[in-house]
Structure formats: structure tokens, C-alpha cells
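# Tertiary structure, described
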Amino acid sequence: LAVQINYLVMKLLSEANATFGEPEPTEVPVRPKPGKCILVTGHDLSMLHDVLEATKDRGIQVYTHGELMPAHTYPKLKAYPHLAGHFGGAWQNQRRQFSKFPGAILVTTNCLMPLIHKSPYKDRIFTTGVCGGEDIQHLESTKDLSKLIQAAEAAPGFTEADTEFNVRDPVQKHMPPSFHVGHSYQWIVKNAQTVLKLIQEGKIKRFYLVGGCDGSEGERSFYTDLVKQLPQTSVVMTLGCGKYRINHLEEGMGKIDGTLPRLLDLGQCNDAFGAIQVALTLADALNCGVNDLPLSIVLSWFEQKAVAVLLTLLFLKVKPLYIGPKLPGFLTKNVLDVLSRDFGLVPLATEHEVEAKMSPPEWGTFQQLVSLAA
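Residues numbered from 1 in each chain as written. Predicted model: local features only at pLDDT ≥ 70, side-chain atom pairs only at ≥ 80, totals over all residues. Heavy atoms only, no water.

### Section: the overall build of the protein chain
Inclusion rule: Where helices and strands are cited, they refer to DSSP runs of H or I of at least four residues and of E of at least two residues respectively, numbered from the N terminus. Three labels apply to residues, based on accessible area from a 1.4 Å probe with only protein chains included: buried if under 20% of the type maximum, exposed if over 50%, partly exposed otherwise in between.
Counting its regular elements, the protein chain contains 14 helices and 17 strands. For the protein chain, buried positions account for 56% of its 374 residues.

### As for helix 10 (residues 272-285)
We apply this condition: Expected helix span is given by 1.5 Å per residue-to-residue step, counting one fewer step than there are residues.
An ideal rise of 1.5 Å per residue puts 20 Å on 14 residues; helix 10 measures up with 20 Å between its terminal C-alpha atoms. For helix 10, the buried fraction is high: 10 of the 14 residues fall into the buried class. Taken together, the buried positions of helix 10 are occupied by Ala 272, Phe 273, Gly 274, Ala 275, Ile 276, Gln 277, Val 278, Ala 279, Leu 282 and Ala 283.

### Some remarks on the packing of helix 1 (residues 2-17) against helix 10
Each pair of packed helices can be described by the angle between their axes along with the distance between the axes. Formally: Structural elements are reduced to axes, namely lines fitted to C-alpha atoms, with helices fitted over the stretch in contact, and the angle between N-to-C directions of any two is expressed from 0 to 180 degrees. The cut-offs work like this: below 35 degrees is roughly parallel, past 145 is roughly antiparallel, 65 to 115 is roughly perpendicular, and the gaps in between are oblique. Between two residues, a contact is recorded if the distance between any of their heavy atoms is within 4.5 Å. Think of it as three bins: nonpolar holds Ala, Val, Leu, Ile, Met, Phe, Trp, Tyr, Cys and Pro, charged holds Asp, Glu, Lys and Arg, and polar takes everything else, Gly as well.
For the pair helix 1 and helix 10, interaxial distance at closest approach is 9 Å and the crossing angle is 95°. What the angle tells us is that helix 1 and helix 10 run roughly perpendicular. Mapping the contact onto sequence places Tyr 7, Met 10, Lys 11 and Ser 14 in helix 1 and Ala 272, Phe 273, Ile 276 and Gln 277 in helix 10. Tallied by class, the residues present in the contact of helix 1 with helix 10 amount to 5 nonpolar, 2 polar and 1 charged.

### Focus on the pattern of salt bridges
What counts here: A pair is scored as a salt bridge if a Lys or Arg side-chain nitrogen falls within 4 Å of a carboxyl oxygen belonging to Asp or Glu.
Applying the stated criterion to the full structure yields 12 salt bridges. Across the pair Glu 153 and Arg 58 runs a salt bridge whose closest N-O atoms are separated by 3.2 Å. Here the residue Glu 153 occupies a position in helix 5 (residues 146-154), and Arg 58 occupies one in the loop between helix 2 (45-55) and strand 3 (60-64), the gap between them amounting to 95 residues. In this structure, Arg 341 engages Asp 342 in a salt bridge whose closest nitrogen and oxygen atoms are separated by 3.0 Å. The class of Arg 341 is exposed, set by a relative accessible area of 60%. Looking at Asp 342, the relative accessible area reads 39%, which means it is partly exposed. By sharing partners, the salt bridges in this structure join Lys 197, Glu 201, Lys 203 and Asp 257 into a single network.

### As for unusual backbone geometry
Here the residue pair Lys 319 and Pro 320 is connected by a cis peptide bond, since its omega of -5° sits within 30 degrees of zero. Locating Pro 320 in the fold gives a position in the loop between helix 11 (304-315) and strand 15 (321-323). A positive phi angle is found at Asp 57, which is not glycine, with a value near 65°. By secondary structure assignment, the location of Asp 57 is in the loop between helix 2 and strand 3. At Asp 135, a residue that is not glycine, the phi angle is positive and equals roughly 65°.

### Describing the environment of Val 107
Position of Val 107 among the secondary structure elements: in strand 5 (residues 104-107). Setting aside chain neighbours within four positions, we find Val 107 in contact with Thr 41, Leu 112, Ile 125, Phe 126, Thr 127, Thr 128 and Cys 131.

### Some remarks on the sheet that holds strand 2 (residues 36-41)
Filter applied, for reference: Note: two strands are recorded as paired if DSSP finds a minimum of 2 bridges between them.
An order of 4-3-2-5-6-7 is seen for the 6 strands of this open sheet, with the pairing classed as parallel. Looking along the sheet, the strands with just one partner apiece sit at the ends: strand 4 (83-86) and strand 7 (137-139). Geometrically, the sheet is characterised by an average inter-axis angle of 30° between neighbouring strands, direction not taken into account. The sheet contact formed by strand 3 and strand 4 spans 3 bridges and is parallel. By the bridge assignment for strand 4, Thr 64 is matched with His 86. Here helix 2 sits on the sheet and contacts strand 2, strand 3, strand 4, strand 5 and strand 6 (125-128); the angle it forms with strand 3, its principal contact strand, is near 165°.

### Quick look at the side chain of Asp 265
Counted only if it meets this: For this analysis, a polar contact is any N or O atom pair within 3.5 Å, provided that within protein one partner can donate a hydrogen and the other can accept it, and provided that sequence-adjacent residues contribute only side-chain to side-chain pairs.
By the element assignment, Asp 265 lies in strand 13 (residues 263-267). Taking the relative accessible area as the measure of exposure, Asp 265 reaches 6% and is therefore buried. Of note is the side chain of Asp 265, whose polar atom sits 2.9 Å from the backbone nitrogen of Gly 267. Apart from residues lying up to four places away in sequence, Asp 265 is in contact with Met 69, His 180, Val 181, Gly 182, His 183, Ser 184, Thr 238 and Lys 243.

### What to know about helix 2
Here helix 2 has its buried residues at Leu 45, Met 47, Leu 48, Asp 50, Val 51, Leu 52 and Thr 55. A positive phi of about 65° marks Asp 57, the residue just after helix 2.

### Focus on the confidence of the model for the protein chain
Filter applied, for reference: Note on scores: pLDDT gives the predictor's confidence for each residue, bounded by 0 and 100.
Confidence along the protein chain averages 87 in pLDDT terms, with 90% of residues attaining 70 or more. Counting contacts from residues 354-360, a segment whose pLDDT is below 50, to residues more than four positions away or on other chains yields 7 contacts.

### Points about the packing of aromatic side chains
To be explicit about the condition: The pairing test for Phe, Tyr and Trp rings, Trp by its six-membered ring, is centres within 6.5 Å, and the orientation test on the planes gives stacked under 30 degrees, edge-to-face over 60, and tilted for anything in between.
Taken as a whole and assessed by the stated rule, the structure comprises 11 aromatic pairs. With a centroid separation of 5.1 Å and 65° between ring planes, the pair formed by Phe 87 and Phe 101 is classed as edge-to-face. Of this pair, Phe 87 sits in the loop between strand 4 and helix 4 (94-100) while Phe 101 sits in the loop between helix 4 and strand 5; the two residues are 14 residues apart in sequence, bridging distant segments of the chain. Its relative accessible area of 0% is what places Phe 101 among the buried residues. Ring geometry for Phe 101 versus Phe 158: centroids 5.8 Å apart, planes at 80°, classification edge-to-face. Of this pair, Phe 101 sits in the loop between helix 4 and strand 5 while Phe 158 is found in the loop between helix 5 and strand 8 (178-181), placing the two residues 57 residues apart along the sequence. An aromatic cluster is built from Tyr 63, Phe 87, Phe 101, Phe 158 and Phe 165, whose rings are joined through pairwise contacts.

### Details of the pairing of strand 2
Inclusion rule: By convention, a crossover is right-handed whenever its connection, traced from the first strand over the helix to the second and viewed with the strands pointing away, goes clockwise.
Most of strand 2 is tucked away: 5 of the 6 residues are buried. Sheet analysis places strand 2 next to strand 3, joined by 5 bridges and oriented parallel. Looking at the pairing, Leu 39 lines up with Tyr 63 of strand 3. Handedness of the β-α-β unit built from strand 2, helix 2 and strand 3 comes out right-handed. Where strand 2 meets strand 5, 4 bridges bridge the pair, whose relative direction is parallel. Residue pairing for strand 5: Thr 41 is matched across the bridge by Val 107.

Pasting the structure below:
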């Protein structure tokens, strides 16, 4: 019952976000604009909307961070001209990236890294809603953002000399000037006939859903290396902050038949509901079951909310599901044995771990995933 409720909650959240319009493909700048600035991180679109409303006509630029990058794809949000672009990447890089942001910062939901001694942004970071942290100023409501705005106006902001953000993601050699996002499940469903035609012509042989929650473990380069080696006949869908492991590869991946991008950003981790709708739509059009689709799901789940999404996929009997190579702490050997045997969960091993981990349950490998697309 709890898992059924989670599926319903994801559906309700998708409908709530749709009050800002239907997501559409959008190019999001990753470059600063001169002026005072506010950074909004987390997941909450309505709170971002309140910030945009409170700062319009004040000369303050608003940037998104982390899982709020998809906000740029909603028509009613991107209609605000001071929604200036996106800054930074996944949650685990907050301390380094927030230190480089010359304005006020608002954390709307998880994930929040605790402050450390002498954090340079301590006096200009705020939480709101259910999110909070020790020694961090908390705003009871986003209907009164006066303290946030005062902090932004007191901070230096970006200058004309700032032509790019002074941050680098450890996964990337450089920050691209922009990201393309907004290939939501609604967009994919609308373009289903184009996708089906490319499948029938043999130009698409396999879909991969690669995403979830990111983390700082070195093994997570697995996802970058995997996507780099997939053939040109594969399409990669991504969501959550795990996208920052692969979205810098976008330009090199190109498009299939010059029309369909090989990398499709479905949105936030909550938009796993959308990924399910894509699978159901393709299965219906191809007159087959979801598990008969040429689809591999590779997840990097990490925290509680993401675990709920994983359980929803298990409840819907979507299999196999690949997870890892760094497994969540709750996956004890006994739990892993049951999920592998009864639900088709396949743990992943990095190449140097393969021989040690090929005892039951059967472990999947990088090379096995690549070979599926052949």
C-alpha cells in the first residue's frame, strides 16, 4: 500500500508542477550575468516562483542549482526574464560551489550539506519549508523573502568581468556554455511516432535510463564511462542529480537521424513517474510488455526519497533494474538476495570487482550493459 501511495504522490507532484505549464525543450545558460544575484537549490518549483515574483523589477538575477535546473523548461517560470541561468551541479558539491557564488542562497528542500567552520557563505544562506540545518537562518515562508533579498543586495554579485562561473565539476573538464533540458515524458509521448519510426528503421536499438541521486564516491564515474561507450544507435534518458555525471557529454552524443537527441533529460528524480509513462507508451505502441522493451534501467539511488522511487519500480514489476556500483547501506546481503531473486534487481560491479562479486546474486557489469545495445 505504501508503494502504491508513493506512485500516486509522484503523479500528483507531476500534475502540481504542470500548473506552471508543460515542460518544453529549453537551452539553459551556464554563464553569469552582471548584477546582484540569488541562487535557489532543491526541488520546489513553487518556492522558486515566489522568489521570482519577489525579485522582479529589482535588478536581481535568479539562478537555479542542483535539481532545479528543469525549472527553466516550464513556460510560466521561464517567462521571468531574470531567471538568468543555472549554476553548479549536484548536491555533494555544495560547499565548494556555494563558496564561489557571490549572492544569497535559498535551500528549498533536501539535499543540504551542513555548514563547516568558517563557511564563507554562512551569513547569506537560508532554508525554508521542511528543510533546515544547524546555524542556518530559516525562513518560515517564501511569502516574505525580505531577509533573502537584503542578503543578495549586500553581497557583491557578478560583475562585467565575470564571463564564466568560477566552478568546475570534478566529472567535467569544463562547464559547457549551456545545457539542453525539457525532454519530458509529455514531449516524448507527443513525439512517439518519430521515435517509433526510428526504432522500426533500426536507427534506435536500445534505450537506457541512467540517473538517480549522485554522490562523491569515485565508483560513480561508472555512469560517465558507460554512456561514453554506448553506440550511436542508443538513446539515453536521464533524471535526478545523477544527470551531472553525463550531461556534459550532450554535444558529443549528437542526434539520431539529425532529429532526436541521444541524451534526453526527463527532469528531477521525482520525474521517475514520467519515465514510467514513457515506457508504458512505447510498450503500448509496440504491442509488448514493458519488460519486453529494448530498455535498460541503470540507477544510482542514494537517499530515502530515491529509495521510495526504487520500491515503486519494483512494485510495478519493472525488471531488470541495475543498481550500483556503490550500493545503498540498506541493501544488506539478505535484502539484496531477496530483491535479486524475487524482483530482478541486479547489482552492478566495477570492472576490478567482477571476479570477487560474481557469486549469487548475479552481478551485472559495465561490459554487459554496453553489449545489450549491440
